[in-house]
2 protein chains.
Amino acid sequence: MTVNIFEVGARDGLQNEPHVSTQDKVTLINELAQAGVRRIEAASFVSPKWVPQMADSATVMDQIERNPSVQYSALTPNLKGLEAALAADVDEIAIFGSASEAFSQKNINCSIEESIARFKPVIELAKQHNLPVRGYVSCVLGCPYEGEIAVSEVVRVTELLHTMGCYEVSLGDTIGVGTPKKALQMLQAVSQSVSIDKLALHFHDTYGQALANIQACLETGVSVFDSSVSGLGGCPYAKGASGNLATEDLVYMLHGMGLDTGINIEKLSQAGNKICKALGKSNASKVAQAILTH
Amino acid sequence: MTVNIFEVGARDGLQNEPHVSTQDKVTLINELAQAGVRRIEAASFVSPKWVPQMADSATVMDQIERNPSVQYSALTPNLKGLEAALAADVDEIAIFGSASEAFSQKNINCSIEESIARFKPVIELAKQHNLPVRGYVSCVLGCPYEGEIAVSEVVRVTELLHTMGCYEVSLGDTIGVGTPKKALQMLQAVSQSVSIDKLALHFHDTYGQALANIQACLETGVSVFDSSVSGLGGCPYAKGASGNLATEDLVYMLHGMGLDTGINIEKLSQAGNKICKALGKSNASKVAQAILTH
């Protein structure tokens, strides 16, 4: 069976890093593609006032080698972002909602309803350009401000994004508080409204639970997983939201279970190590540490 | 449902550390007990020539506050070790075999059969003193020298230790290479020969898989898990065998799944942090990092 990795390191990962050269981003994205990653979040067309680290997104998209087998994705919160994404010729765009009212307010300065309303024209224009739209829902297993989030809210927001035209909705455990049983129950509930092949999991590893949570969720047939090479990144607006799941560790598990990702784990680990060296950070992937030091 | 943590940090963890004061070991063991840990591997009565770090085991056992609800365990590879353990009044002893012939040779300088023969008089003398004996089997999901290990070998050695009188056998993924499906299949195979309530899991986190592997194995009803506070330790003789699973991360998952360990995760994290500070090491538990920094 084939499963898909949606690699978020170059965007979700690097957007928290104060100084990354455009060349380092381009190298990372190219090396991810060479390692066999087929879905790469490569850019974010948000206001450079809010996220200055992503101000070079158009240049990055221009300078990378466009591998025809790879889907390059960009975050676009509004019409201005979408226009930039269209100009950069991305393969898909993404919008982000939340299952938590408080998180929505703090993260994107509007209510859940307002954010949905804002996305409508973005999705409509994207459709006119045949651009697939991916949706994110944050806080599906807990919120840094509200604590527990009702599964019914996760279902409601996911359904909304799906109905509006998102071809896939990625369910984010933004602060990584989830545990396997709760993760599975949440996914099962959502999949009663939105078919499992339209859902992805974006679990953070803040409490070390991401891999166990994914493992528990595999029984639903879910087959798309967001992760970040060498565990780069997290969310700058969410208290305690450090720690993306390292793609290397996820791929190691999936391969060990007989699931095919098309990814060369050695090349992937080397790509991660290179960007970590450029950042002066240690590699947070245990697999990469084990492979590259032994 | 109640499950049990068998805490190995004070022995398996600290035996790789070149300089730990006796007082730091005593403090750690006392604080683990205060955090609600009920099974603590506290000492190792092996030759100080081989493991000088454990030469103060008798003093440690003498200086700790003996909490009557806690079982304090000690590693005893031979009769001399057992005599020292008896003198120190430990609550149980442990012996260690391997499912890998090559690992047995390199780790304890004898064949699997020879090691079993050596343990016989140890187990017999322990029985005369009503001292429970725990068995360890290493390399149950792979060997640093042989690679894959046949499940039939794991079954055979586990059964041998059980038949000889080990009340519990702990199955060690010494180099942490296992993944969930293989871990579950191995455990299911072993549990056909030795009842699941006589088995424990000792999974290392070298490749970040330990928690996912345990999660997958829970369906068998297995309820004893070896782990190490703040992820201390590994095996000094095994290539790539760094990385015990952090107890805090395991307890967080188990509690999140509604399983009771009796452990206060906050106190446990503080105990781990204190020993890490004493060692000048960073805390490898993600839960401890998340709890103590936010």
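All values derive from a computational prediction rather than experimental measurement. (Residues numbered from 1 in each chain as written. Chains lettered and ligands numbered in written order. Predicted model: local features only at pLDDT ≥ 70, side-chain atom pairs only at ≥ 80, totals over all residues. Heavy atoms only, no water.)

**Quick word on the overall build of chain A**
The condition is simple: By definition, any uninterrupted DSSP run of H or I lasting at least four residues is a helix, any uninterrupted run of E lasting at least two residues is a strand, and each is numbered from the N terminus. Only C-alpha atoms enter the radius of gyration, while the globule expectation follows 2.2 Å times N to the 0.38, with N the number of residues. Exposure is judged per residue with a 1.4 Å probe applied to protein chains only, and the accessible area is read against the type maximum: over 50% gives exposed, under 20% gives buried, and values in between give partly exposed. Here the open area of atoms and residues is found with the Shrake-Rupley method and a 1.4 Å probe, where only the protein chains shown may cover a residue. The convention is simple: Lys and Arg are positive, Asp and Glu are negative, and His and the chain ends are not counted. By convention, charge coordinates are those of NZ in Lys, CZ in Arg, CG in Asp, or CD in Glu.
Tallying secondary structure elements over chain A gives 12 helices and eight strands in all. In terms of overall size, chain A behaves like a compact globule, its C-alpha atoms giving a radius of gyration of 17 Å where 294 residues would be expected to give roughly 19 Å. With respect to the three principal axes, the spread of C-alpha positions in chain A is 50 × 40 × 35 Å. The burial tally for chain A puts 61% of its 294 residues in the buried class. A total accessible area of about 10,900 Å² is found for chain A, and carbon and sulfur atoms account for 49% of it. For chain A, the distance from the average position of its 22 positive side-chain charges to the average position of its 31 negative side-chain charges is 3 Å.

**Observations regarding the relation of the copies chain A and chain B**
The condition that has to hold: Least-squares superposition of the copies uses the C-alpha atoms of those residues scoring a pLDDT of at least 70 in each of them. Whether two residues are in contact is decided by their heavy atoms, any of which lying within 4.5 Å being enough.
Aligned on chain B, chain A shows an RMSD of 0.0 Å; the corresponding rotation is 180° and the shift along the axis is 0.0 Å. Such a combination of rotation and displacement between the chain copies is what one expects of a two-fold axis. The C-alpha atom lying nearest the rotation axis in chain A is that of Ala212 of chain A; the distance is 1.9 Å. Take the interface residues of chain A: 100% of them recur as interface residues in chain B, which is what a same-surface contact looks like.

**Overview of the packing of aromatic side chains**
So the rule is basically this: Stacked, tilted and edge-to-face are the three classes applied to pairs of Phe, Tyr and Trp rings, where Trp contributes its six-membered ring and a pair requires centres within 6.5 Å; stacked means planes under 30 degrees apart, edge-to-face means over 60, and tilted covers the rest. For a ring to carry a charge above it, either NZ of a lysine or CZ of an arginine must fall within 6 Å of the ring centroid while also lying within 35 degrees of the normal to the ring plane.
For the coordinates displayed, the defined rule picks out four aromatic pairs over all chains. Residues Tyr252 of chain A and Tyr207 of chain B carry aromatic rings whose centres are separated by 4.8 Å and whose planes lie at 20° to one another, so their mutual orientation is stacked. Of the two residues, Tyr252 of chain A sits in helix H10 (residues 247–256) while Tyr207 of chain B sits in the loop between strand E7 (199–203) and helix H9 (210–217), which places them in two different chains. Positioned above the aromatic ring of Phe6 of chain A, the side-chain terminus of Arg134 of chain A is 3.6 Å from the ring centre.

**Things to note about helix H8 (residues 180–191) of chain A**
Side chains three or four residues apart in an α-helix point the same way, a direct result of the helix having 3.6 residues per turn. Residues and elements named next belong to chain A. Basically, it comes down to this: Take the residue count of a helix, subtract one, and multiply by 1.5 Å to get its expected span. Arc, as used here, means the arc of the directions from the helix axis to the C-beta atoms.
The terminal C-alpha atoms of H8 lie 16 Å apart, and with 12 residues this matches the ideal 16 Å at 1.5 Å per residue to within 8%. Listing the buried residues of H8 in full gives Pro180, Ala183, Leu184, Met186, Leu187 and Val190. All buried residues of H8 project into a common sector of 160° when viewed along the axis, lining one side.

**Digging into the confidence of the model for chain A**
All names here are of chain A. This is how it is decided: pLDDT gives the predictor's per-residue confidence on a scale running from 0 to 100.
Here chain A averages 94 in pLDDT, and 97% of its residues register 70 or above. Low pLDDT, under 50, characterises residues 235–241; the stretch is placed with 27 contacts to residues that sit more than four places away or in other chains. Across the assembled chains, the prediction reports ipTM 0.94 with pTM 0.95.

**Digging into the pairing of strand E2 (residues 39–44) of chain A**
Residues and elements named next belong to chain A. How we decide: Should DSSP find at least two bridges between two strands, the strands are taken to pair.
Taking burial as the measure, the six residues of E2 include six buried ones, the bulk of the element. The pairing of strand E1 (residues 4–7) with E2 spans two bridges and is classified as parallel. Paired with Phe6 across the two strands is Arg39, which belongs to E2. Bridge analysis of E2 against strand E3 (residues 71–75) gives five bridges, and the strand direction is parallel. Residue pairing across strands places Glu41 opposite Ser73, the latter belonging to E3.

**Section: the interface of chain A and chain B**
What counts, and what does not: Note on definitions: buried area is the accessible-area loss of two parts on being combined, 1.4 Å probe, summed for both. The salt bridge criterion pairs a side-chain nitrogen of Lys or Arg with a carboxyl oxygen of Asp or Glu, the two atoms within 4 Å. In protein, a polar contact requires one atom able to donate a hydrogen and another able to accept it; more generally it is a pair of N or O atoms within 3.5 Å, and residues adjacent in sequence count only if both atoms are side-chain atoms. Gly is put with the polar residues, along with every residue not named as nonpolar or charged; the nonpolar set is Ala, Val, Leu, Ile, Met, Phe, Trp, Tyr, Cys and Pro, and the charged set is Asp, Glu, Lys and Arg.
Contact with chain A, which involves 25 residues of that partner, is made by 25 residues of chain B. In total, chain A and chain B occlude about 2,300 Å² of area from one another, counting both sides; carbon and sulfur atoms represent 62% of this. Per-residue buried area on chain A facing chain B is highest for Tyr207, Tyr252 and Lys286 of chain A; these three make up 25% of the total on that side. Applying the counting rule to chain A against chain B returns two salt bridges. Of the charged contacts, one joins Asp205 of chain B and Lys286 of chain A as a salt bridge, the two residues approaching to 2.8 Å between their closest N and O atoms. Summed over the shared surface of chain A and chain B, the result is 10 residue pairs in polar contact (both at pLDDT 80 or more). Breaking the side of chain A that touches chain B down by element, the ones donating at least two residues are H8, helix H9 (210–217), H10 and helix H12 (286–293) of chain A. A class-by-class count of the residues in the side of chain A that touches chain B yields 11 nonpolar, nine polar and five charged.

**Comments concerning the pattern of salt bridges**
For the structure on display, the rule yields 24 salt bridges over all chains. Across the pair Arg134 of chain B and Asp226 of chain B runs a salt bridge whose closest N-O atoms are separated by 2.8 Å. Note that Arg134 of chain B is positioned in strand E5 (residues 133–138) and Asp226 of chain B in strand E8 (residues 224–227), a separation of 92 residues in sequence. Accessibility classification places Arg134 of chain B together with Asp226 of chain B in one group, the buried group. Here the salt bridges share partners, and the residues they tie into one network are Arg39, Glu92, Arg134, Glu168 and Asp226 of chain A.

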